[in-house]
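# Geometric and topological summary
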Amino acid sequence: MRLTLARQMGWTRIGMAYRCCSVSFLSRGLYAYPLPRSTSAAIFSHQMSTDAQSIAARLSSSGFIRSQGFIGGKWTDAYDGKTIEVCNPATGEVITNVSCMGKRETNDAIASAHDAFLSWSKLTAAERSKYLRKWYDLLMAHKEELGQLMTLEQGKPLKEAIGEVSYGASFVEFYAEEAKRVYGDIIPATLPDRRLFVLKQPVGVVGAITPWNFPLAMITRKVAPALACGCTVVIKPAELTPLTALAAAELSIQAGIPPGAVNVVMGNAPEIGETLLASPQVRKITFTGSTAVGKKLMAGAAETVKKVSLELGGNAPCIIFDDADLDVALKGTLATKFRNSGQTCVCANRILVQEGIYEKFANAFSNAVESMKVGDGFGEGVVQGPLINDAAVHKVESFVQDAISKGAKVLIGGKRHNLGMTFYEPTVITEVKSEMLLSREEVFGPVAPLLKFKTEEEAIHMANDTNAGLAAYIFTTNIKRSWRVAEALEYGLVGVNEGLISTEVAPFGGVKQSGLGREGSKYGMDEYLEIKYVCLGNMS
């Protein structure tokens, strides 16, 4: 079954919209030089296809590619037999067909999670910790295979994919330890015959809805603390990248995590989401994705008054002051802008450069971007893979054209890559103004818009002039300025002289319309716990 783009767009980021994938899709313009385009296209396509098919075959034979949903510890087809294609964005070829599930399967997954909660929540924290630790060990033992699977279905370079596996596993390790540190309180009593206690208890069944751009880390960052607290989960991974989630679920069972504690359903996104929202047995929704979808989930959760945590869209400013160390600023900006082909919610969406070094930075930055190697994620030295699908490329193209029509200038890139498919050239654009789409909304692609500012005050105003408030970055050698600006920025995350700031030990989340709640760190446990006050009377 193919889900329509319009239907999917109601529930997911533009890049999560269902794509039409088939081998025939290869005919849409694969070419490179210096050979004639048609000849070069055939060679490039065949090379990528052969490599990808070989890896896919090996992963399939070793049991790493699963095509069914995971309910109550059992691999399950969609009840009506329908499937959707999972494709390699670098080639357009179908990796496999996975079960296309909906309301009935989701209700069964919820029931399974609810039944498992009754026993899983009664285990000691030390017991749950041991299961999580074993899951972490298995994720790390299979990081090469998981990385290959992620590159196949998501497109990011293999080195980056393996890095995500380590990053995602770090949350499992951290929360295996944090499970044993859920402390309550004793409150001094107001009367001599009373004793007052505060307990923290698991909230219950959790519905976890995750995006395609980080197929493992966005799952473990939610599921690990939920399990550590004693909750059970129903995971809905993105339709574009369910394979990594299914592989992680298989490893959770191998780790001994009981059947029903972890469930995975994928397919009809609106139907699955609505079922999770409607069920009174689901007591918590955690979501990473667009602000528009987050608002729908928040409204839907009101019917049953669920707890909600949302990590939503960003519009990250990267502020480079005249006094910045240029090498540090270049390295940090490149890292935060072009990681995952610019398809992250914390990517630098606007690069604000002080006028004194604007031209110098623009030239140096463009030279660095020009040297970036684009290609299939399995290619040697590749640092940028394809965008997730054609809809994502169309979005990038529309943003770039909007900027050009309003006076912006393309220094590097600015069009689809000559590799064809969904590859887009790493792009640097100058003379960008605040009214352009590139300044107002997430481009979610490898496009770096440079804006000029004069004063510190102006930079802060430009940075905060958005409804988003997830991540921001500052490059300066002035320690006083770093404190002033970091405190003035209306963002949940601020990196100073560093472009990659996410870690399992620190809280991750936004302010304003970038979301609610925090993931990672000790604060991430609170999202899955209820506070219970107990008053014991007649204690004299």
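In this convention, every chain numbers its residues from 1, walking through the sequence in written order. Per-residue local features of the predicted model are confined to residues with pLDDT of at least 70, and side-chain atom pairs are confined, for both listing and counting, to 80 or more; whole-chain, interface and lining totals are unaffected and use all residues. Each side-chain value is worked out from all heavy atoms of the structure, with water and hydrogens disregarded.

## Quick look at the overall build of the chain
Check the secondary structure of the chain and you find 16 helices and 20 strands. All radius of gyration figures rest on C-alpha atoms, and the globule criterion is 2.2 Å times the number of residues raised to 0.38. Here the C-alpha radius of gyration of the chain, 24 Å, is about what a compact globule of 540 residues would show, namely 24 Å. Dimensions along the principal axes, computed over C-alpha positions, put the chain at roughly 85 × 60 × 40 Å. For the chain, the residues scored as buried account for 59% of the 540 residues in total. For this analysis, residues touch if any pair of their heavy atoms sits within 4.5 Å. For the chain, restricting intrachain contacts to residue pairs at least 6 apart in sequence, the fraction spanning at least 24 positions comes to 74%. To be clear on the numbers: accessible area is Shrake-Rupley with a 1.4 Å probe, and residue cover counts the displayed protein chains and nothing else. Put simply, the chain shows about 20,800 Å² of open surface, and 54% of that area lies on carbon and sulfur atoms. Numbering of helices and strands starts at the N terminus; helices are DSSP runs of H or I of at least 4 residues and strands are runs of E of at least 2. Under the scheme applied here, a residue whose accessible area is under 20% of the maximum for its type counts as buried, over 50% as exposed, and between as partly exposed, the area being computed with a 1.4 Å probe on protein chains only.

## Points about the sheet that holds strand E5 (residues 185–187)
Following DSSP output, two strands are said to pair if at least two bridges run between them. Taking strand neighbours across the sheet as the criterion, the 3 strands line up as E5-E6-E20 in an open arrangement whose pairing is antiparallel. Strands at the two margins of the open sheet, each flanked by one partner only, are E5 and strand E20 (529–536). Across the sheet, the mean angle from the axis of one strand to that of its neighbour is 25 degrees, orientation sign disregarded. Between N-to-C directions, angles span 0 to 180 degrees; the directions come from axes that are lines fitted to C-alpha atoms, helices contributing only their stretch in contact.

## Comments concerning the UniProt feature "domain: Aldehyde dehydrogenase" (unreviewed entry) in the chain
Per the UniProt record, "domain: Aldehyde dehydrogenase" (unreviewed entry) is annotated on residues 75–534. In the segment residues 75–534, helix accounts for 39% and strand for 20%; the C-alpha atoms at its two ends are 42 Å apart. UniProt positions are given in the numbering used here, feature names are shortened, and annotations may be inferred rather than shown by experiment.

## Focus on the nonpolar core
Take the buried Ala, Val, Leu, Ile, Met, Phe, Trp, Tyr and Cys residues and link them wherever side-chain atoms come within 4.5 Å; each set so joined is a nonpolar core. If you look at the biggest cluster of nonpolar residues, it comprises 65 residues, and the most contacted ones within it are Trp135, Leu139, Leu152 and Leu227. With sequence-adjacent residues up to four places away left out, Trp135 is seen in contact with Val172, Val223, Leu227, Ala248, Leu251, Ser252, Ala255 and Ile257. Listed in part, the 34 residues of the second largest apolar core include Leu387, Ala403, Phe453 and Leu489.

## Observations concerning the sheet that holds strand E16 (residues 447–453)
What the 7 strands build is an open sheet, ordered E14-E15-E16-E13-E12-E17-E18; its pairing is mixed. Each edge of the open sheet is held by one strand with a lone partner, namely strand E14 (409–412) and strand E18 (493–496). On average, adjacent strands in this sheet sit at an angle of 25 degrees to one another, irrespective of strand direction. Pairing of strand E13 (residues 348–354) with E16, which is carried by 4 bridges, proceeds in the parallel orientation. Counted as the bridge partner of Ile351 is Leu450 from E16. Those strands touched by helix H15 (residues 456–464) are strand E12 (316–320), E13 and E16, and its axis lies near 140 degrees from that of E16. Along the sheet, helix H16 (residues 479–488) makes contact with E12, E13, strand E17 (471–475) and E18, crossing E17 at roughly 160 degrees.

## Focus: helix H10 (residues 291–301)
Here H10 has its buried residues at Thr291, Val293, Gly294, Leu297 and Ala301. Along the axis of H10, the buried positions cluster into a sector of 155 degrees, meaning they face one direction only. Along H10, exposed side chains directed more than 90 degrees from the buried face belong to Ala292 and Ala299. Residues of H10 that are buried in the fold lie against strand E7 (205–209), helix H9 (269–278), strand E10 (282–288) and strand E11 (307–311). What the arc measures is the spread of directions leading from the helix axis to the C-beta atoms.

## Some points on the pattern of salt bridges
Note on definitions: salt bridges are taken to be side-chain nitrogens of Lys or Arg within 4 Å of carboxyl oxygens of Asp or Glu. Applying the stated criterion across every chain yields a total of 21 salt bridges. The shortest N-O distance in the salt bridge between Asp526 and Lys200 comes to 3.8 Å. Residue Asp526 is located in the loop between strand E19 (515–516) and E20, and its partner Lys200 is located in strand E6 (residues 195–202); the two are separated by 326 residues in the primary sequence. Glu519 is the partner of Lys222 in a salt bridge, and the nearest nitrogen-oxygen pair spans 2.6 Å. Pair noted here: Lys222 is in helix H7 (residues 217–229) and Glu519 is in the loop between E19 and E20, with a separation of 297 residues, a long-range link. Like Lys222, the residue Glu519 is buried in the burial classification. Salt bridges sharing partners connect three or more residues here, namely Arg221, Lys222, Glu311 and Glu519.

## What to know about the pairing of E7
Walk down a regular strand and you will see the side chains alternate between the two sheet faces. For E7, the buried fraction is high: 5 of the 5 residues fall into the buried class. One ladder, built from 5 bridges, connects E7 with strand E8 (residues 232–236); its direction is parallel. Note that in E8 the partner of Val206 across the bridge is Val233. Seen with the strands pointing away from the viewer, any crossover whose path from the first strand over the helix to the second strand runs clockwise is right-handed. As for the winding sense of the linkage, the β-α-β connection from E7 through H7 to E8 is right-handed. The pairing of E7 with E10 spans 5 bridges and is classified as parallel. Residue pairing across strands places Gly207 opposite Ile285, the latter belonging to E10.

## What to know about the UniProt feature "active site" (unreviewed entry) in the chain
Here the UniProt feature "active site" (unreviewed entry) sits at Glu311. With respect to the helices and strands, the residue Glu311 is situated in strand E11. Not counting residues within four places of it along the chain, the set of residues in contact with Glu311 comprises Met218, Arg221, Phe287, Thr288, Gly289, Cys345, Leu470, Phe508 and Ser514.

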